[in-house]
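Residue-level structure breakdown
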Amino acid sequence: MDSEKENKFMRAAIELSIKNVTSGQGGPFGAVVVKDKKIIARGTNQVTSLNDPTAHAEVMAIRNACKELKTFQLDDCEIYTSCEPCPMCLGAIYWARPKSVFFANSKIDAAHINFDDQFIYEEISKPISERKLFTKQILREEALIAFEEWAKSEIKIKY
């Protein structure tokens, strides 16, 4: 895709981010999902308006795109987001499997307005016992039953 089209789609994501701030619906983040050179879904940060900490722009755009396409993967899609994805959104993007991601503001830009996700990047790399959030593994043997059933299931849909 040429840079003129890329810029057009990024401007759509940026416009969503600005409108989201002026409407009071949530943080300054917007995202669009593109397939076949057309926007098929949009998303804005709705964390505070939905009382949902997972309602980031990229996650909302992915949910909307999957609903539109009636699939759980975004093969051959591109995601344009007004800011470099946080760790949660980056994980969601990888799970959605688009072919590419474009972003405008950086995570450093976001940190300057108090959206600082650096501590999450740092926490993820630490051993569980050293993380700030108390985490303890329990009942693994009981939980493994579901994994064993999944491994031998003939009705599962792989992803």
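Presented here is an overview of the structure given in this document. (Residues numbered from 1 in each chain as written. Predicted model: local features only at pLDDT ≥ 70, side-chain atom pairs only at ≥ 80, totals over all residues. Heavy atoms only, no water.)

Once that is clear, we can look at the pattern of salt bridges. This structure, assessed with the given rule, holds five salt bridges. Put simply, Asp52 and Arg63 hold a salt bridge, and the shortest N to O gap is 3.9 Å. With Asp52 in the loop between helix H2 (47-50) and helix H3 (57-69) and Arg63 in helix H3, this residue pair connects regions lying eleven residues apart in the sequence. (Salt bridge = Lys/Arg side-chain N within 4 Å of Asp/Glu carboxyl O. Helix = DSSP H or I, 4+ residues; strand = E, 2+ residues; numbered from the N terminus.)

In this structure, Pro85 sits in the loop between strand E3 (77-83) and helix H4 (87-96). Under the relative-accessibility criterion, Pro85 is labelled buried at 7%. Taking the C-alpha atoms as reference points, Pro85 and Val101, separated by 16 residues in sequence, lie 9.3 Å from one another. Here Pro85 is in contact with Glu58, Leu90, Ile93, Val101, Phe103 and Tyr121, once residues within four sequence places are set aside. (Buried < 20%, exposed > 50% of the residue type's maximum accessible area, 1.4 Å probe, protein only. Contact = heavy atoms within 4.5 Å.)

Right, let's get into the side chain of Thr81. Mapping Thr81 onto the fold places it in strand E3. By relative accessible area, which is 1% here, Thr81 ends up buried. In this structure, Thr81 is in contact with Met10, Ala13, Gly30, Ala31, Glu58, Val101, Phe102, Phe103 and Ala104, ignoring residues within four places of it in sequence.

Glancing now at the layout of surface pockets. Taken as a whole, the largest pocket encloses approximately 270 Å³ of empty space. What lines the largest pocket is a set of 18 residues, and nearest its centre among them are Phe29, His56, Cys86, Phe115 and Asp117. (1 Å grid on protein atoms, 1.4 Å probe; cavity = no way out; pocket = protein on both sides within 12 Å on 5 of 7 lines; lining within 4 Å. Points joined across faces, edges and corners; volume = space filled by probe spheres on them.)

We now examine the packing of aromatic side chains. Overall, the coordinates contain six aromatic pairs when judged by the stated rule. Measuring from ring centre to ring centre gives 4.9 Å for Phe29 and Phe115, while their planes differ by 90°; the resulting arrangement is edge-to-face. Taken together, the residues span a long stretch of sequence, with Phe29 in the loop between helix H1 (3-23) and strand E1 (30-35) and Phe115 in the loop between helix H5 (107-111) and helix H6 (118-125) at a distance of 86 residues. On the basis of relative accessibility, which here comes to 14%, the residue Phe29 falls in the buried class. (Phe/Tyr/Trp six-rings, centres within 6.5 Å; stacked < 30°, edge-to-face > 60°.)

Relative to the 30 Å expected for 21 residues at 1.5 Å per residue, H1 spans 30 Å between its end C-alpha atoms, a close match to the ideal helical length. Within the span of H1, buried status applies to Phe9, Met10, Ala12, Ala13, Leu16, Ser17 and Asn20. The buried residues of H1 occupy one face: seen down the axis, they fall within an arc of 140°. With respect to the buried face of H1, the exposed residues turned more than 90 degrees away are Glu4, Arg11, Ile18 and Thr22. The backbone nitrogen of Glu4 lies 3.2 Å from a side-chain oxygen of the residue at the head of H1, namely Asp2. (Expected span 1.5 Å × (residues − 1). Arc of directions from axis to C-beta. Polar contact = N/O pair within 3.5 Å; in protein donor to acceptor, adjacent residues only side chain to side chain.)

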